[in-house]
Amino acid sequence: MNKDLTVGKPETVLWKFCVPLFGSIIFQQLYNIADSLVAGKLIGENALAAVGNSYEITLIFIAFAFGCNIGCSVIVSQLFGARKYQEMKTAVYTALTASAVLCAVLMLAGILACTGLLHMVRTPETIFADSKLYLDIYIWGFPFLLFYNVATGIFSALGDSKTPFIFLALSSTSNIAVDILFVSAFHMGVAGVAWATFLCQGISCVLAVIVVKIRLSAIKTETKAPFFSMDLLKKITMIAVPSILQQSFISIGNIIIQGVINGYGAGVIAGYSAAVKLNNLVITSFTTLGNGVSNYAAQNMGAGIPARVREGFKAAVKMVWILCIPIVAGYVLASGPLIGIFMEDPSESALLSGIWFLNIAAPFYFVVSVKLVADGILRGTGMMKQFMVSTFTDLLLRVMLAVIFSIQWGYIGIWCAWPIGWCSATILSFLFYRNGPWKAGRSAALNDR
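In what follows, the accompanying structure is described. Predicted, not measured: the structure shown is a model, and the values here were computed from it.

Here is what the cut-offs are and how they apply
Residues numbered from 1 in each chain as written. Predicted model: local features only at pLDDT ≥ 70, side-chain atom pairs only at ≥ 80, totals over all residues. Heavy atoms only, no water. Helix = DSSP H or I, 4+ residues; strand = E, 2+ residues; numbered from the N terminus. Rg over C-alpha atoms; globule rule 2.2 N^0.38 Å. Buried < 20%, exposed > 50% of the residue type's maximum accessible area, 1.4 Å probe, protein only. Areas by Shrake-Rupley, 256 points an atom, 1.4 Å probe, with all protein chains shown as cover. Lys, Arg positive; Asp, Glu negative; His and termini not counted. Charge placed at Lys NZ, Arg CZ, Asp CG, Glu CD. Axes fitted to C-alpha atoms, helices over the stretch in contact; angles between N-to-C directions. Parallel < 35°, antiparallel > 145°, perpendicular 65-115°, else oblique. Left-handed = near helix turned anticlockwise from the far one by under 90°. Contact = heavy atoms within 4.5 Å. Phe/Tyr/Trp six-rings, centres within 6.5 Å; stacked < 30°, edge-to-face > 60°. Polar contact = N/O pair within 3.5 Å; in protein donor to acceptor, adjacent residues only side chain to side chain. Disulfide = S-S within 2.5 Å. Salt bridge = Lys/Arg side-chain N within 4 Å of Asp/Glu carboxyl O. Expected span 1.5 Å × (residues − 1). Bend = angle between axes of the 7 residues up to and from the residue. Patch = residues over 30% accessible without salt bridge, like charges linked within 9 Å, V, L, I, M, F, W, Y side chains within 5 Å.

1. Things to note about the overall build of the protein
Here's step 1: Check the secondary structure of the protein and you find 15 helices and 0 strands.
Here's step 2: In summary, the protein has a C-alpha radius of gyration of 21 Å against a globular reference of 22 Å for 449 residues, a match within 12%.
Here's step 3: Overall, the C-alpha framework of the protein stretches about 60 × 40 × 30 Å when taken along its three principal axes.
Here's step 4: Looking at the 449 residues of the protein, the share that counts as buried comes to 59%.
Here's step 5: Only carbon and sulfur atoms are counted for the fraction: they give 71% of the accessible area of the protein, which is about 17,200 Å².
Here's step 6: With 29 positive and 20 negative side-chain charges, the protein shows a spacing of 15 Å between the two charge centroids.

2. Quick notes on the packing of helix α9 (residues 266–302) against helix α15 (residues 411–434)
Here's step 1: Contact geometry of α9 with α15 gives a least axis separation of 12 Å together with a crossing angle of 15°. One way to sum up the angle between α9 and α15 is to call them roughly parallel. In this structure, α9 crosses over α15, and the sense of that crossing is right-handed. Note on element contacts: α15 touches α9 through Y411, W415, W418 and W422, opposite V268, Y272, N279 and I283.

3. Regarding the packing of aromatic side chains
Here's step 1: Considering all chains together, one arrives at 21 aromatic pairs under this definition.
Here's step 2: Between the aromatic rings of F144 and F198, the centroid separation amounts to 5.4 Å while the plane-to-plane angle is 80°, which identifies the pairing as edge-to-face. A residue pair is termed long-range when its members are at least 10 positions apart, and F144 in helix α5 (residues 142–157) and F198 in helix α7 (residues 190–218) qualify at 54 residues.
Here's step 3: Accessibility expressed as a relative area gives 24% for F144, which makes it partly exposed.
Here's step 4: Centre to centre, the rings of W415 and W418 are 6.4 Å apart; their planes meet at 70°, and the pair counts as edge-to-face.

4. Some words on the side chain of T123
Here's step 1: Take T123: it is sitting in the loop between α3 (85–120) and α4 (125–140).
Here's step 2: For T123, the side chain forms a polar contact with the main-chain oxygen of L118, separated by 2.7 Å.
Here's step 3: Ignoring any residue separated from it by four or fewer positions in sequence, one finds T123 in contact with N53, L118, F128, S131 and N262.

5. Observations concerning the state of the cysteines
Here's step 1: Within the structure shown, the criterion is met by 0 disulfides.
Here's step 2: Left without a disulfide partner, C416 is nearest to the cysteine sulfur of C423, which lies 12 Å away.
Here's step 3: By relative accessible area, C416 is classed as partly exposed at 28%.

6. With respect to the pattern of salt bridges
Here's step 1: Under the counting rule described, the total for this entry stands at 6 salt bridges.
Here's step 2: Across the pair K132 and D136 runs a salt bridge whose closest N-O atoms are separated by 2.9 Å. Linking K132 with D136, this pair stays in helix α4, spanning 4 residues, or about one helical turn.
Here's step 3: Overall, the relative accessible area of 26% leaves K132 in the partly exposed class.

7. Some details on helix α10 (residues 307–333)
Here's step 1: Counted at 1.5 Å a residue, the expected span for α10 with its 27 residues is 39 Å, and the 40 Å between its end C-alpha atoms agrees.
Here's step 2: Of all the bends in α10, the greatest, near 30°, is centred on C324, and the proline P326 appears no more than four residues after it.

8. Brief notes about a nonpolar patch on the surface
Here's step 1: Among the surface-exposed residues, V241, L245, F249, I252, I256 and V403 lie close enough to one another that they form a single nonpolar patch of about 440 Å² accessible area.
Here's step 2: Take the nonpolar patch: its biggest share by element is 5 residues, from helix α8 (residues 230–262).
Here's step 3: For F249, the location among the structural elements is in helix α8.
Here's step 4: You can call F249 partly exposed: its relative accessible area is 36%.

Structure below.
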């Protein structure tokens, strides 16, 4: 059901809208966690290392899907908030058309560059074949990932966060079952893990696109909406490209870091693979909540109510900090058992490297969550230059310090780069938010809207 985010108490509106988004991303991350879990438990430590090694490369493709999601979502949110429904429909059609062209280009590039990327990250020979196999299958399933993300961006723009949650809950739980079936019953190894994701994500994508079409048909306009608009494509691109660049450069930075980690052997790679999946579960969840804040901010800016954005920021920070408390406690106090979930008989190096990562990074989730909320507002209100400055500060610091610290302190030095990058970028994002167009806006009587 479509939801107007410009009315109601901001805190209540955000909780109702963002909690299903949080649940959705939990299930989305279950895809990757299930792959690693099944690979580590049912195949072996090398299989876990192969899936984890490939994952850093798949993040490049995820970056483009994320950018298309944000670009479409922000513009559609603004038009929906402004009640420009015909133009909103055109924006959706334009985003889907552009995404199809982009998808074809990315698949071709992925097929041609897969082997080179694996060599670039210094993939050990013991896991090279499985890493390449996993990536090849992943690339062929990329259209499902891309169009699913665009569809969920449209749902979010219309204020509907429950439908994507339902799709993801069904498909991710199915993915776990199919993972186990393909690996344990059919003995397909790493290929089974990849094909399970391919099939389950494909089903959720098709269903999501069908429901989007139904929802758009239900919104009546005086005349039929044009199928394509170059002007709207430019607006979508202005939001999408910085988001794609942000995620792409983060992925490239992670690939560089993965290359440094790979020098420590399969054990450390496996430990990092398990820990970074747990870390990404949190960061991606908070990023998704930030996307929800983007939709909230975009609708309210489109409706000409910038003062509600400030109230939304306060409510969102309160929300993510409440979520941080059990997550940080669990990651710090139960880091060993959590890492052990991914491996049947973990080596000492695999277990220790994963425990160190969680214990160093987890306490700083309270910091980085503020950045991700502020980033959501920056994106939703079109402050993309500021958003990029903050993001690249985090990335550059983490990559440079990971390389430098590894020389002195080994892989523990690499882990220490994360909190420093997060803290520096959070300061920048918060300062940029503070100077937004809502700075002088009055928040009185917001609850009466």
